[in-house]
Protein chains: 4
Amino acid sequence: MKGLKLAALQKNGERTTFNVGDITIGKDFLMIAGPCSVESEEQIMEAARLAKETGASMLRGGAYKPRTSPYAFQGLGRVGLKYLRDAGDKYGLPIITEVVDTRDVYLVAEYTDVLQIGARNMQNFTLLTEVGKIDKPVLLKRGMNATIEELLNCAEYILKGGNKKVMLCERGIRTYETYTRNTLDLSAVTALKGLTHLPVIVDPSHGTGRKEMIKPMSLSAIMAGCDGLAVEMHPNPCEALSDADQQITGVELEDLIISVNKTVEFRSSLYTGTQV
Amino acid sequence: MKGLKLAALQKNGERTTFNVGDITIGKDFLMIAGPCSVESEEQIMEAARLAKETGASMLRGGAYKPRTSPYAFQGLGRVGLKYLRDAGDKYGLPIITEVVDTRDVYLVAEYTDVLQIGARNMQNFTLLTEVGKIDKPVLLKRGMNATIEELLNCAEYILKGGNKKVMLCERGIRTYETYTRNTLDLSAVTALKGLTHLPVIVDPSHGTGRKEMIKPMSLSAIMAGCDGLAVEMHPNPCEALSDADQQITGVELEDLIISVNKTVEFRSSLYTGTQV
Amino acid sequence: MKGLKLAALQKNGERTTFNVGDITIGKDFLMIAGPCSVESEEQIMEAARLAKETGASMLRGGAYKPRTSPYAFQGLGRVGLKYLRDAGDKYGLPIITEVVDTRDVYLVAEYTDVLQIGARNMQNFTLLTEVGKIDKPVLLKRGMNATIEELLNCAEYILKGGNKKVMLCERGIRTYETYTRNTLDLSAVTALKGLTHLPVIVDPSHGTGRKEMIKPMSLSAIMAGCDGLAVEMHPNPCEALSDADQQITGVELEDLIISVNKTVEFRSSLYTGTQV
Amino acid sequence: MKGLKLAALQKNGERTTFNVGDITIGKDFLMIAGPCSVESEEQIMEAARLAKETGASMLRGGAYKPRTSPYAFQGLGRVGLKYLRDAGDKYGLPIITEVVDTRDVYLVAEYTDVLQIGARNMQNFTLLTEVGKIDKPVLLKRGMNATIEELLNCAEYILKGGNKKVMLCERGIRTYETYTRNTLDLSAVTALKGLTHLPVIVDPSHGTGRKEMIKPMSLSAIMAGCDGLAVEMHPNPCEALSDADQQITGVELEDLIISVNKTVEFRSSLYTGTQV
């Protein structure tokens, strides 16, 4: 792929790593967990407690929610950011949350450890340019109709601005299949690991839209070569204000993380130190 | 389709119309023409002259260009807006241009007669909310992976803000077919005319990516029920800084408009006053 | 497109025409109408009467039905062929019906005037080879995931066998959009007219799956350059054994054909003798 | 999913197993390897030797090749069947090959241990009906535009005929992404394991079209829950008459099978006896 001056994997095979809290992303396996939306102080506190206890390494939660309908819950905004920050601080977890507006980049960066660019904003080029100017890691989600090449070009926008702490996230693409919410494209993970030095994360929650598929798809994603997972977990999924069908409980997260850790270890033994 | 409080066609069948310059959009057939990008004062002046002489009713031109690569021509920005305004004024044509950043909405609105939300920003909900607050017409392009329902929900975001002057634009969706740049979904035009009271415009330039297909697809779109067309025309397509393959010349535009006018007239005779 | 020795449009621009009954396909506009399935002698007789009276030029009806479920109505088989033949004969209409098995080609050819290869069998290469050996026209439907290039290569299979009477049929492709049953790709019609000398037919019934969209899509298809239409019509759509949602009545067919004829005439006047 | 009387997983959770040679499919992990096409006696003999030595459990090779162009190599036909049979016999490997015509079902069944229905014939319902009548296992490949529900309905056609030895094969679906030949839908594997009792095989060769992706996608497929893999291997991929880009060498197959075996063992330890 031409035109990727900064995002392309170089001949020396060197890969990007960067620290967030105690974790070295791109080296340590990253396990992001938390609710789709920050709904209340209690909810995110409880989610943080569950995330910490089950062994997750980062807490997620949306304060600004891109929703199909203007009448759906749009997130708590700045208050949500504060609740999320407090929850992360209390349980010693770095936090990640989405930014959807160029005007909010500095505000969100003030609160969060990692900024997320959502799938619908992957080609919001002014937003990419804006997060390229700050010194906080960015998780860039693949648009639901984006090619691998377009995703890498979007990473290039951020890198070009000077921000080198970029990770990519496969979260399912839109196809004709409707049994799953999206079609999780795990071959994109393998492809990306061969094309770029940036860490690659997989989101099996949006990728499938079905909680019973999250565990097998997570383990599958590990063998495809991913550097981490982002999973939606809610203290009480049935009462979630958004994405109720795809959020797992704390108990399910615990079971997932045990299997994830074993699979990451198995992968290491298989490749004896070399990346997939 | 539920949840469309403002965008849905009502039982009385009333349709939205609004004036831009001398044209009543939704009643008069709208013919937008102009280059993909404003490249220089001379280029847009010449494009305006050609648009006027051939009978187009609105001048288009991009000042802020969303481009896949950060190294591609990104548009002239504010200077481009000024050139476009001057060209429109000189030839008595209302103008339309894209806004890509919430921070630029008031600036762009100051210069232009109609604001365009591009396909990649269709679900940039904060941008939709922002243009919902102003008193200028908006052309909302369908995202290349957006369902008809999602497009209508995005229009609902704008309408909810108080801006009732919204028109929709079908510009091709992304499918597996690669012969055409996108797959122009003309059935969406017919579907939209049955679902919403908002005017529907078709962009056969992005829809096909092939200049030789623009005329038949334009005439086809008219019979599908569209209220206007948006066509890329460049004084010298070979030297265009973007989308060279799909821009037609002034001579080709003249030929197109003659056929378009005849087809619109034919359609009126066929339905003797009733909409498709 | 390379590799199309026989299907490609030649420099002289000559187009394939062939006679079926009184019609010259590729020259006269072809209007195929009839039910999805032949259900009984009475039903197909009544359908033939309606087709004839409203001005259709060919009668369709399926005797062998490819159905998603093995428990759905599979067609009347040989008996259905006989009923269809009798109905065509009684009303002086040539008939078209689908063949789905290499073993049935000669049997079906004995009864019908035109053989149809359905979308699911477009790449059933042994079936294509078999119909390439006979001296009856073939209507080849585009597979719902087939590229234009693949469709033309399938026509090449038939032509290579010696059968030159081939027409192509656009019937909608499978995309992520679910509002319509398929996405009718009218740009494929225009593309095909520029790539091949074979006649191109459009099926707006399967293409949309919605009866209210058949008329606008039919007129739209004409302006895209098609040589004919294939429309599902049933004497009593509500009682149809298959595809009830997309079959129109005789009254609706009459209204459709009046508009189709006017539009074909308009198209001729627009191009004054030249093809789109 | 309704209408699946025979293919649906029952409440007792019982799964289909059947023997082919020494292997119990659905219980033992199935490793199919061999060239895309049988090209000569020497080539398939050498492929069989490599398959046997590296630990594959079944030999594949196409004698009847469905090819996009009628001018491409179409396979050796009956002679190819004989070469394949001889190669399987010499090295003690059961064989699998594709049948593409209803007229050839008995002939192919005479030579082969397992019949393959290719992706392009998934909805060739008369072919499905025909293989439903025989007493040989069938591997049914998912069509490149088929939904999971359609695939299961096609299996139902075979089961309804009385043939209970059916396995399904995910081989990639057609999407807008062009970096990979198809998009391997591993979530379909997990979905199928929850919907049906039939064994599920994955073909990472057609699924990706890129030999460097075969190993990670194979291991990924195992964690998604598959019961076997089908991999294209050629003694000399560069000289292959078809699909040269996606066939691996014997050396690569050996390395693959070592990792596959370890991963299958790891999966067993993770689930301690329970299926994914």
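Residues numbered from 1 in each chain as written. Chains lettered and ligands numbered in written order. Predicted model: local features only at pLDDT ≥ 70, side-chain atom pairs only at ≥ 80, totals over all residues. Heavy atoms only, no water.

## Concerning the overall build of chain A
- When helices and strands are counted, chain A shows nine helices and ten strands.
- Taking 2.2 N^0.38 as the reference for a compact globule, 276 residues should give roughly 19 Å; the C-alpha atoms of chain A span a radius of gyration of 17 Å, in line with that estimate.
- Among the 276 residues that make up chain A, the fraction classed as buried is 68%.
- For chain A, the share of sequence-separated contacts (at least 6 apart) that also reach a separation of at least 24 residues comes to 70%.
- Accessible surface computed for chain A: about 9,100 Å², of which carbon and sulfur atoms make up 48%. (Helix = DSSP H or I, 4+ residues; strand = E, 2+ residues; numbered from the N terminus. Rg over C-alpha atoms; globule rule 2.2 N^0.38 Å. Buried < 20%, exposed > 50% of the residue type's maximum accessible area, 1.4 Å probe, protein only. Contact = heavy atoms within 4.5 Å. Areas by Shrake-Rupley, 256 points an atom, 1.4 Å probe, with all protein chains shown as cover.)

## Remarks on the pattern of salt bridges
- Using the criterion set out here, one finds 76 salt bridges over all chains in the structure.
- Among the ionic pairs, Asp255 of chain A bridges to Lys215 of chain A, the shortest N-O distance being 3.1 Å. On the criterion of sequence distance, the pair formed by Asp255 of chain A in helix H9 (residues 250-271) and Lys215 of chain A in helix H8 (residues 214-224) is long-range, its members being 40 residues apart.
- Residue Asp255 of chain A is classed as partly exposed on the basis of its relative accessible area of 39%.
- Between Glu232 of chain D and Arg60 of chain D there is a salt bridge, with the nearest N and O atoms lying 3.7 Å from each other. Of this pair, Glu232 of chain D sits in strand S10 (residues 228-232) while Arg60 of chain D sits in strand S4 (residues 58-60), placing them 172 residues apart in sequence. (Salt bridge = Lys/Arg side-chain N within 4 Å of Asp/Glu carboxyl O.)

## With respect to the interface of chain D and chain A
- Listed per partner, the contact involves 39 residues of chain D and 39 residues of chain A.
- At the junction of chain D with chain A, the criterion picks out two salt bridges.
- Among the ionic pairs, Glu177 of chain D bridges to Arg142 of chain A, the shortest N-O distance being 2.8 Å.
- Summed over the shared surface of chain D and chain A, the result is seven residue pairs in polar contact (both at pLDDT 80 or more).
- Secondary-structure elements contributing two or more residues to the side of chain D that touches chain A are helix H6 (186-195), helix H8 (214-224) and helix H9 (250-271) of chain D.
- Split by residue class, the side of chain D that touches chain A holds 22 nonpolar, eleven polar and six charged. (Polar contact = N/O pair within 3.5 Å; in protein donor to acceptor, adjacent residues only side chain to side chain. Nonpolar A, V, L, I, M, F, W, Y, C, P; charged D, E, K, R; others polar.)

## Re helix H9 (residues 250-271) of chain B
- Its 22 residues place the ends of H9 of chain B 31 Å apart at the C-alpha level, agreeing with the 32 Å of an ideal helix rising 1.5 Å per residue.
- Those residues of H9 of chain B lying buried are Gly250, Leu253, Leu256, Ile257, Ser259, Val260, Thr263, Val264, Phe266, Arg267, Leu270 and Tyr271 of chain B.
- Check the buried side of H9 of chain B and you find it contacts strand S3 (30-34), helix H1 (41-54), helix H8 (214-224) and strand S10 (228-232) of chain B together with helix H8 (214-224) and helix H9 (250-271) of chain C.
- After H9 of chain B finishes, the residue Thr272 of chain B shows a positive phi value of roughly 35°. (Expected span 1.5 Å × (residues − 1).)

## Looking at the relation of the copies chain D and chain A
- Aligned on chain A, chain D shows an RMSD of 0.0 Å; the corresponding rotation is 180° and the shift along the axis is 0.0 Å. Taken together, the rotation and translation relating the two chain copies correspond to the operation of a two-fold axis. Ranked by how close their C-alpha atoms come to the rotation axis, the residues of chain D are headed by Ser220 of chain D, at 2.1 Å.
- Comparing interface residues between copies, 100% of those in chain D also sit at the interface in chain A, which points to an isologous, same-surface contact. (Least-squares fit on C-alpha atoms with pLDDT ≥ 70 in both.)

## Quick word on the interface of chain B and chain C
- Facing the 39 residues of chain B at the interface are 39 residues of chain C.
- Both faces combined, the contact of chain B with chain C buries some 3,000 Å², and carbon together with sulfur accounts for 70% of it.
- Counting every contact that joins chain B to chain C gives two salt bridges.
- Linking chain B with chain C are seven residue pairs in polar contact (both at pLDDT 80 or more), by the criterion used here.
- For the side of chain B that touches chain C, the elements supplying multiple residues, two or more each, are helix H6 (186-195), H8 and H9 of chain B.
- For the side of chain B that touches chain C, the element with the highest residue contribution is H8 of chain B, accounting for eight residues.
- For the side of chain B that touches chain C, the residue count by class is 22 nonpolar, eleven polar and six charged. (Buried area = accessible area lost by both parts, 1.4 Å probe.)

## Section: the packing of aromatic side chains
- What the rule picks out here adds up to six aromatic pairs over all chains.
- When the ring of Phe125 of chain A is compared with that of Tyr157 of chain A, the centres are 4.7 Å apart and the planes differ by 25°; the resulting orientation is stacked. Here the residue Phe125 of chain A occupies a position in helix H4 (residues 125-131), and Tyr157 of chain A occupies one in helix H5 (residues 148-160), the gap between them amounting to 32 residues. Here Phe125 of chain A and Tyr157 of chain A have matching classes, each one buried.
- Of note, Lys5 of chain B hangs over the ring of Tyr71 of chain A, and the distance from its end group to the ring centre comes to 4.1 Å.
- Sitting over the face of the ring of Tyr179 of chain B, Arg210 of chain B holds its NZ or CZ atom 3.8 Å from the ring centroid. (Phe/Tyr/Trp six-rings, centres within 6.5 Å; stacked < 30°, edge-to-face > 60°. Lys NZ or Arg CZ within 6 Å of the ring centre and 35° of its normal.)

## What to know about unusual backbone geometry
- In this model, Asp243 of chain C sits at a positive phi of 55°, which is unusual for a non-glycine residue.
- Checked against the element boundaries, Asp243 of chain C lands in the loop between strand S10 (228-232) and H9.

## Regarding the pairing of S10 of chain B
Residues and elements named next belong to chain B.
- A large share of S10 lies buried, amounting to five of its five residues.
- With burial as the criterion, each face of S10 is covered, one bearing Gly228, Ala230 and Glu232 and the other bearing Leu229 and Val231.
- With five bridges connecting them, S3 and S10 associate as parallel partners. Note on S10: the bridge partner recorded for Met31 is Leu229.
- Relative to S10, strand S9 (residues 200-202) is paired through two bridges, and the arrangement is parallel. Across the sheet, the residue bridging to Val202 is Leu229, located in S10. (Pairing = 2+ DSSP bridges.)

## Some words on H8 of chain C
- Of all eleven residues in H8 of chain C, eleven are buried, a share of seventy percent or more.
- Following H8 of chain C by one or two positions, Gly225 of chain C adopts a phi angle in the positive range, close to 110°.

## Regarding the sheet that holds strand S6 (residues 114-117) of chain C
Residues and elements named next belong to chain C.
- Reading around the barrel, the eight strands line up as S3-S4-S5-S6-S7-S8-S9-S10 and close back on themselves, with parallel pairing between neighbours. The mean angle between the axes of side-by-side strands here comes to 25°, regardless of whether they run parallel or antiparallel.
- Taken strand by strand, helix H2 (residues 78-91) contacts strand S4 (58-60) and strand S5 (95-98), and its axis lies near 165° from that of S5. (Axes fitted to C-alpha atoms, helices over the stretch in contact; angles between N-to-C directions.)

## What about the relation of the copies chain B and chain C?
- With an axial shift of 0.0 Å and an RMSD of 0.0 Å, the rotation relating chain B to chain C amounts to 180°.
- Of all interface residues in chain B, 100% are interface residues in chain C too; the two copies therefore contact each other through one and the same surface.

## Here we look at the side chain of Glu150 of chain C
- Of note, Glu150 of chain C is situated in helix H5 (residues 148-160).
- Glu150 of chain C sits in the buried class, given a relative accessible area of 9%.
- In this structure the side chain of Glu150 of chain C is engaged in a polar contact, spanning 2.6 Å, whose partner is the side chain of Arg174 of chain D.
- The residues touching Glu150 of chain C, leaving out its near neighbours within four places in the chain, are Met122, Gln123 and Asn145 of chain C together with Thr68 and Arg174 of chain D.

## As for the packing of H8 of chain B against H8 of chain C
- For the pair H8 of chain B and H8 of chain C, interaxial distance at closest approach is 7 Å and the crossing angle is 165°. As summarised for this structure, H8 of chain B and H8 of chain C are arranged roughly antiparallel, according to the angle between their axes. For H8 of chain B against H8 of chain C, the interelement crossing comes out right-handed. Note on element contacts: H8 of chain C touches H8 of chain B through Pro216, Met217, Leu219, Ser220, Ala221, Met223 and Ala224 of chain C, opposite Pro216, Met217, Leu219, Ser220, Ala221, Met223 and Ala224 of chain B.
- Classifying every residue of the contact of H8 of chain B with H8 of chain C by side-chain character gives twelve nonpolar, two polar and no charged. (Parallel < 35°, antiparallel > 145°, perpendicular 65-115°, else oblique. Left-handed = near helix turned anticlockwise from the far one by under 90°.)

## Quick look at the pairing of S5 of chain C
All names here are of chain C.
- Every second residue of S5 is oriented toward a common face, with Ile95 and Thr97 on one face and Ile96 and Glu98 on the other, all of them buried.
- As a crossover connection, the stretch from S4 through H2 into S5 is right-handed.
- Taken together, the three bridges between S5 and S6 define a ladder with parallel strand orientation. When the sheet's bridge partners are listed, Ile96 is paired in S6 with Val114.
- In this fold, S5 hands off to helix H3 (residues 105-111), which returns the chain to S6; that crossover is right-handed. (Right-handed = clockwise from strand over helix to strand, strands pointing away.)

## Side note on the environment of Pro137 of chain D
Residue and element names in this part refer to chain D.
- Of note, Pro137 is situated in the loop between helix H4 (125-131) and strand S7 (138-141).
- Look at Pro137 and you get buried, because its relative accessible area is 7%.
- In contact with Pro137, not counting residues within four places along its chain, are Phe18, Val20, Asp113, Val114, Leu115 and Lys165.

## Structural notes on the sheet that holds strand S8 (residues 166-170) of chain D
All names here are of chain D.
- In spatial order, the strands read S3-S4-S5-S6-S7-S8-S9-S10; together these eight strands close into a barrel with parallel pairing. Neighbour-to-neighbour, the strand axes of the sheet open up by a mean angle of 25°, direction not taken into account.
- On top of the sheet, H9 reaches strand S3 (30-34) and S10; it is set at about 170° to S3, its chief contact.

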